[in-house]
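Structural description and commentary
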Amino acid sequence: MKLLRKFLDKIKPSFEKGGRLSKFHSTFEGFESFLFVPDTVTRQACHIRDSMDMKRTMSVVVLALVPCLLFGMWNVGFQHFRSTGEEQALLATFWFGFLKVLPILLVSYIVGLGIEFAFAQVRGHEINEGFLVTGMIIPLIMPVEVPLWMVALATAFAVIIGKEIFGGTGMNIWNPALLARAFVFFSYPTHISGDKVWVADGYSGATPLSDAAAGLIQKLPSACDMFFGFIPGSIGETSKLAILLGAALLIFTGIASWKIMFSGVAGTLGMAYLLNAVGGSPYMEMEPYYHLLMGGLAFGLVFMATDPVSSAQTETGKWIYGFMIGALVVVIRVFNPAYPEGAMLVILLMNTFAPLIDHYVVEANIRRRTNRGRKLSKK
Amino acid sequence: MSEKEPLFSAKNLKLFTDPFNAGNPITVLVLGICSALAVTVKLQPAIVMGLSVTVVTGFSSFIISLLRNTIPNRIRIIVQLVVVAALVILVDQLLKAYVYEVSKQLSVFVGLIITNCIIMGRIEAFALGNKPFPSLIDGFGNGAGYGMILVIVAFFRELLGSGSLFGIRIVPESFYVSAGGFYENNGMMVLPPAALILLGVIIWVHRSVNNKLLEK
């Protein structure tokens, strides 16, 4: 560590203003603050700073994603060996999946960070840590067999069109990771339609979602399997247990809004119970809580709907936003045969509407207070 | 009496060249977007569409400019529409006679040239107040500026979405997954939203090249 610090201190002057490499100041700055906590102190009032800066926020989210990633790697191997009928030890299973998932993760980080660095450099901004989370989520919501060049293209699209043209981290309208998935979804639909997923080389199996959409409710895996995640699906979405672990950390540290998660679950269950009461098709009569266990809804609700940039900002707005996500996902799953999974499109849709929701919440608040003032002045 | 101007004076030339840069109907004025999304899946229809619009814009501006002193102001829109519609029908019949396949691909969008904002915009903004010849040049220039953007968008959409240009295969057959390769066409490029994204990128590039367009 000391060696590293010494090295950084040695090369630092050449990156400062007037230095030989001053053009690359933001790249250097980015690496330095990635390795060490910045030691800059405030020069003017006010001096109170929260220790919860962007870097720490992002690190906590990455930490919360780790259970999903590890389980996802294991599950890739598990699904593979189950379909080939081989018995394998835990470590061998994990290793198989690790080798499959690692390239996707690397491509996502290298491409995304490369573009982030380039933009920050050109614009003279500081590089910020926003992409660390996005780059981790992108592999988790991709199917395992997705070609690496598609991951690279999707990441580039998400970072440039989804984030940089709006002004970078904190300015985006949509969740960049979901945009990457949407790009693959619309560009190369054969890879990621949500009804079939790779389980072993040259063989793909139906996901619980497509079984349910086809009305084969009895074919669904047991609720227990779906909860622990022994089912085929995108890499990080299968285990609800791992997601819950992440959610617990996010809620405990106060980074993600529990209101969005809670109202999302409420929306899902509410809509599912409503359809259950109406009945009519096997999918509608399915156990309502199954919706929470299938597909990417749980992952989306915990890690992507709660994105502090693209979600609703007002507290009332968060309730509405979360509830709409949950309810609409069920509607799309049950009534739209073209899209077995609706979580991605619904979250993007509600991202679009989040500013509108906020606007009306603020307006309503203003109206309420004006009326209250009027009443008081009349008295 | 002003001096007689030469036919291709610098001023007239500027009328023609301006729509290619600072006065581009699509990227600067943001007119005629709908057809730009609809006909740019392939290069050939995009070029035909660009030419058709150029012809209609040019001649309708010319004719309206000839009539500009006799058109009663209150019914001028109807007169303009009659002229434009007549020209569009001519173009439509010509396309059907000589390039039937493309005309079928363009389908309703040839007829919809009538409602293209660029044409009415040039007539209202320019032809009604200027002499016939500058109006003709102005119309041609704007039509061509529109066509240019169409061709750029269609180039990328056909290349990335179908792997071909003018229907000729550019991406080798052996690259495709079906032939054992790795490549796949980008399905999104065939959908209209891709044209919108591409247009946005073109506007982005245009504005970063031409600093005058940036709002302060």
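Parameters and conventions
Here, residues in each chain are numbered from 1, in the same order as that chain's written sequence. Both sets of labels track the order of writing: A upward for chains, 1 upward for ligands. Residue-level local features of this predicted model are given only where pLDDT is at least 70; pairs of side-chain atoms are given and counted only at 80 or more, and the full residue set underlies all totals for whole chains, interfaces and linings. To obtain the side-chain values, all non-hydrogen atoms of the structure were used and water was disregarded. Strands are runs of DSSP state E lasting at least two residues, helices are runs of H or I lasting at least four, and both sets are numbered from the N terminus onward. Remark: exposure states derive from per-residue accessible area (1.4 Å probe, protein chains only) relative to the maximum for the residue type, with buried under 20%, exposed over 50%, and partly exposed in between. Computed with a 1.4 Å probe, the accessible areas rest on the Shrake-Rupley method; for each residue, only the protein chains presented here act as cover. For this count, His and the chain ends are skipped, Lys and Arg are scored as positive, and Asp and Glu as negative. Charge coordinates come from a single atom per side chain, which is NZ of Lys, CZ of Arg, CG of Asp or CD of Glu. What makes two residues a contact is simply this: any of their non-hydrogen atoms within 4.5 Å. Two parts lose some accessible area (1.4 Å probe) when they are put together, and adding that loss for both gives the buried area. Salt bridge criterion: a side-chain nitrogen from Lys or Arg within 4 Å of a carboxyl oxygen from Asp or Glu. In the scheme used here, Gly and all other residues not listed as nonpolar or charged are polar, with Ala, Val, Leu, Ile, Met, Phe, Trp, Tyr, Cys and Pro taken as nonpolar and Asp, Glu, Lys and Arg as charged. By this rule the span expected of a helix is its residue count minus one, scaled by 1.5 Å. Working definition for bend: take the seven residues up to and ending at a residue and the seven starting at it, fit an axis to each, and measure the angle between the axes. Nine residue types can take part in a nonpolar core, namely buried Ala, Val, Leu, Ile, Met, Phe, Trp, Tyr and Cys, and a core is a set of them joined through side-chain atoms within 4.5 Å.

Looking at the overall build of chain B
- Within chain B, the secondary structure is distributed over nine helices and two strands.
- Along its sequence from the N terminus, chain B presents helices and strands in the succession α-α-α-α-α-α-α-α-β-β-α.
- Over its C-alpha atoms, taken along the principal directions, chain B stretches across nearly 75 × 45 × 30 Å.
- The proportion of buried residues among the 216 residues of chain B is 44%.
- Here chain B displays about 11,500 Å² of accessible surface, and carbon together with sulfur accounts for 70% of that area.
- Distance between charge centroids for chain B: 7 Å, based on 16 positive and 11 negative side chains.

Considerations on the interface of chain B and chain A
- At the junction of the two partners, chain B supplies 11 residues and chain A supplies 13 residues.
- Across the chain B/chain A interface, buried area totals approximately 920 Å², and carbon plus sulfur atoms make up 69% of it.
- If you sort the residues of chain B by the area they bury against chain A, B:E184, B:M188 and B:W204 come out on top, with a joint share of 53%.
- At the boundary of chain B and chain A, one finds zero salt bridges.
- Here the residues of the side of chain B that touches chain A are counted per class, giving seven nonpolar, three polar and one charged.

What about helix α3 (residues 54-84) of chain A?
Residue and element names in this part refer to chain A.
- Taking 1.5 Å of rise per residue, the 31 residues of α3 would be expected to cover 45 Å, and the 45 Å separating its terminal C-alpha atoms lies within 8% of that figure.
- At L65, α3 is deflected by roughly 35°, the largest bend along its length, and proline P67 occurs up to four residues later in sequence.
- Remark: G85 follows α3 within two positions and exhibits a positive phi of approximately 80°.

Here we look at the nonpolar core
- Judged by nonpolar contacts, the single largest core of 79 residues is most densely connected at A:L65, A:I137, A:L250, A:F299, A:F303, A:Y321 and A:I325.
- Ranked by the residues each element gives to this core, the list is headed by α3(A), at 11 residues.
- Excluding residues that lie within four positions of it along the chain, A:L250 makes contacts with A:V61, A:A64, A:I255, A:A256, A:M261, A:V302 and A:F303.
- Core analysis: the second largest hydrophobic core is formed by 39 residues, B:V110, B:L159, B:L165 and B:A195 among them.

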